[in-house]
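One-letter residues, chain by chain:
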Amino acid sequence: MMIPQDIANTIVDPLAYAAEKPIDKAFKFLRKEMPLARAEPEGISPFWAITKHADILEVEKQNELFHNGDLSTVMTTIEVDKKMRQLMGGSPHLVRSLVQMDNPDHMAYRHLTQAWFLPQNLKRLESRVRDIARVFVDRMADMGGTCDFAKDVALYFPLHVIMETLGVPEADEPRMLKLTQELFGSQDPDLNRTGKKMNFEEAMAAVQETVGDFITYFNAITEDRRAHPTGDLSSVIANGQVNGQPLDHFAAMSYYIIAATAGHDTTSNTMAAGIWALAERPDVFRRLKADTSLLPAFVEETIRWATPVKHFMRSATADTQLSGQKIAKGDWMMLCYPSGNRDEDVFVDPFAFSIDRSGNKHVSFGYGAHVCIGQHLARMEMRIFWEEILGRIESIELAGEPKNSVSNFVCGPKSVPLRYNMI
Ligand code: HEM
């Protein structure tokens, strides 16, 4: 079954994700009419669009049958893929982090930092994260009742948390922010290095330059942590061993890059979407202020609502069948997370924001062997931030039209103008 051309073009269109409605409409159509079908958008290799929640879980569960590393893990054009392979000696990937690995490497490399990311270890960070949250809440109070929450708060709070865990000094944070935004947001002219809409070649050049900057930066951190280990995440990476050997240079750099990038943009987007939802729902705001035990449910719903990671790709390692469709060895597949999170078979009234969902089984963190390693950190940061702000804020409303960033990979609100009263 072939997806109609206009729908196929929409589900890869960065502008459609920014506008939200076209993407919701396209996925709603696909879930109902052709939940697992081939798409052939112009200039892009054919792929299967996996739009049902159950099928997304099925693919993610079978990580030997559906690989991450054989083809590009993110949506890319035929032209960019060709250039990337020329650049990377045949590999479709710019970096080799957990995301691009399959077993046995994936398991071995994931094991290295798994314990660091577990809730028991993260508890040690809780009071420091609360201090950081308070600084941002104070900053909002100092701004005198108006701010752009996306730009003034959501962008910097998770950035500061992850940079502290990596041991990046505060003075270098703006540089790290810029680098991350270019890696994830290079389709948005407001966020990329040149400040104008780039064609794919220019975007590739900017991303390559960005990765080069990261490597120079984290080389210095590796040397420092080998000489003076501190127990932070960078020390775990710099001194870690896989199969009895220290990480090779490329793998170590890729590890820093995935932690430094995945670790904040996703959370920033979720927080910005969360305050936007709150500003439009005074009833939810009142309920949360009266009863902070509702916060974990609120956090979970903001993660479903925002779905900041729009897709990851997999490829089949053998001929197989999925939901009655024949999938051939080597076929490329798009896990459509925003669609899974609006699946009518799993979520009651999926287009409503509700903190009363029981067992919110969203797929925003993925599933299976690659499920987001930072999910407990993200939840903790956001719960603490909402606890702190709800204790201080009396009223909140939108002071302008929020705007989303333009990307088909990681995106969310880049501007949420707010008016509020604080004590
Ligand atoms: C709301 C915030 C976040 C969202 C929505 C999110 C989402 C995701 C998703 C969808 C995946 C891929 C899962 C899969 O393939 O099944 C992933 C993987 C990953 N995430 Fe997150 N993430 C968030 C926060 C974080 C944080 C705070 C970190 C901290 C460093 C982090 C680090 C990673 C890493 C290292 C991976 C690769 C794991 C692997 O392939 O084994 N993420 N994340």
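No experiment lies behind these values; they were computed from the predicted model shown.

Caption draft 1: Molecular detail of the coordination of the iron atom of the ligand. Protein coordination of the iron atom of the ligand rests on one atom only, Cys-372 (SG), at 2.3 Å. Among the structural elements, Cys-372 can be located in the loop between α18 (337-340) and α19 (375-390).

Caption draft 2: Spotlight on the packing of helix α15 (residues 265-279) against helix α17 (residues 295-306). Taken N-terminus to C-terminus, the directions of α15 and α17 make an angle of 105 degrees; their axes are 9 Å apart at the nearest point. By the angle between their directions, the pair α15 and α17 is classed as roughly perpendicular. The segment α15 lies against α17, with Asn-269, Thr-270, Ala-273, Gly-274, Ala-277 and Leu-278 engaging Phe-298, Thr-302, Ile-303, Trp-305 and Ala-306. When grouped by side-chain class, the residues that make up the contact of α15 with α17 number seven nonpolar, four polar and no charged.

Caption draft 3: Representation of the site of the ligand within the structure. Lining the immediate environment of the ligand, one finds 29 residues, of which Glu-60, His-106, Arg-110, His-370 and Cys-372 sit closest. Contacts to the ligand include Arg-110, whose side-chain N or O atom sits 2.7 Å from an oxygen atom. In the environment of the ligand, an oxygen atom lies 3.2 Å from a nitrogen or oxygen atom belonging to the backbone of Tyr-367. Counting only elements with at least two residues in the shell around the ligand, the list comes to α6 (105-114), α14 (249-262), α15 and β7 (311-316). Class assignment of the residues belonging to the shell around the ligand gives a composition of 17 nonpolar, nine polar and three charged.

Caption draft 4: Molecular detail of the side chain of Thr-77. Mapping Thr-77 onto the fold places it in the loop between β3 (66-67) and α5 (78-87). One polar contact links the side chain of Thr-77 to the main-chain amide nitrogen of Val-80, over a distance of 3.0 Å.

Caption draft 5: Examining the nonpolar core more closely. Formed by 89 residues in total, the largest nonpolar core has its most connected members in Phe-149, Phe-218, Phe-385, Trp-386 and Leu-418. Setting aside anything within four residues of it in sequence, one finds Trp-386 in contact with Phe-149, Met-271, Gly-274, Ile-275, Leu-278, Leu-295, Phe-298 and Val-299.

Caption draft 6: Focus on the sheet that holds β7. Spatially, five strands are ordered β1-β2-β10-β7-β3 in an open sheet, and the strand pairing comes out mixed. Edge positions in the open sheet fall to β1 (36-39) and β3, since each of these has one partner strand only. Pairing geometry for β1 and strand β2 (residues 47-50), over four bridges, is antiparallel. Opposite Leu-36, over in β2, you have Ile-50 as the bridge partner. The strands touched by helix α4 (residues 53-61) within the sheet are β1, β2, β3, β7 and β10 (332-336), with β10 carrying the most contacts at an inclination of about 125 degrees.

Caption draft 7: Looking closely at the pattern of salt bridges. One pass over the structure, following the stated rule, counts 29 salt bridges. In this structure, Arg-31 and Glu-344 form a salt bridge, with 3.0 Å as the shortest nitrogen-oxygen distance. With Arg-31 in helix α3 (residues 21-33) and Glu-344 in the loop between α18 and α19, this pair connects stretches of sequence that are 313 residues apart. A residue is classified by how much of its surface remains accessible, and Arg-31, at 5% relative accessible area, is buried. A residue is classified by how much of its surface remains accessible, and Glu-344, at 36% relative accessible area, is partly exposed. Among the salt bridges present, the one from Lys-32 reaches Glu-33, with a minimum N-O distance of 3.5 Å. Among the residues examined, Lys-32 registers a relative accessible area of 68% and is labelled exposed. The exposure class of Glu-33 is partly exposed, given its relative accessible area of 42%. Three or more residues are tied together by salt bridges with common partners; here these are Glu-126, Arg-130, Arg-134, Arg-383, Glu-387 and Glu-388.

What counts, and at which threshold
- Residues numbered from 1 in each chain as written.
- Predicted model: local features only at pLDDT ≥ 70, side-chain atom pairs only at ≥ 80, totals over all residues.
- Heavy atoms only, no water.
- Donors = N, O, S within 2.8 Å, 3.2 Å for Na, K, Ca; no water.
- Helix = DSSP H or I, 4+ residues; strand = E, 2+ residues; numbered from the N terminus.
- Axes fitted to C-alpha atoms, helices over the stretch in contact; angles between N-to-C directions.
- Parallel < 35°, antiparallel > 145°, perpendicular 65-115°, else oblique.
- Contact = heavy atoms within 4.5 Å.
- Nonpolar A, V, L, I, M, F, W, Y, C, P; charged D, E, K, R; others polar.
- Near = heavy atom within 4 Å.
- Polar contact = N/O pair within 3.5 Å; in protein donor to acceptor, adjacent residues only side chain to side chain.
- Core = buried A, V, L, I, M, F, W, Y, C linked by side-chain atoms within 4.5 Å.
- Buried < 20%, exposed > 50% of the residue type's maximum accessible area, 1.4 Å probe, protein only.
- Pairing = 2+ DSSP bridges.
- Salt bridge = Lys/Arg side-chain N within 4 Å of Asp/Glu carboxyl O.

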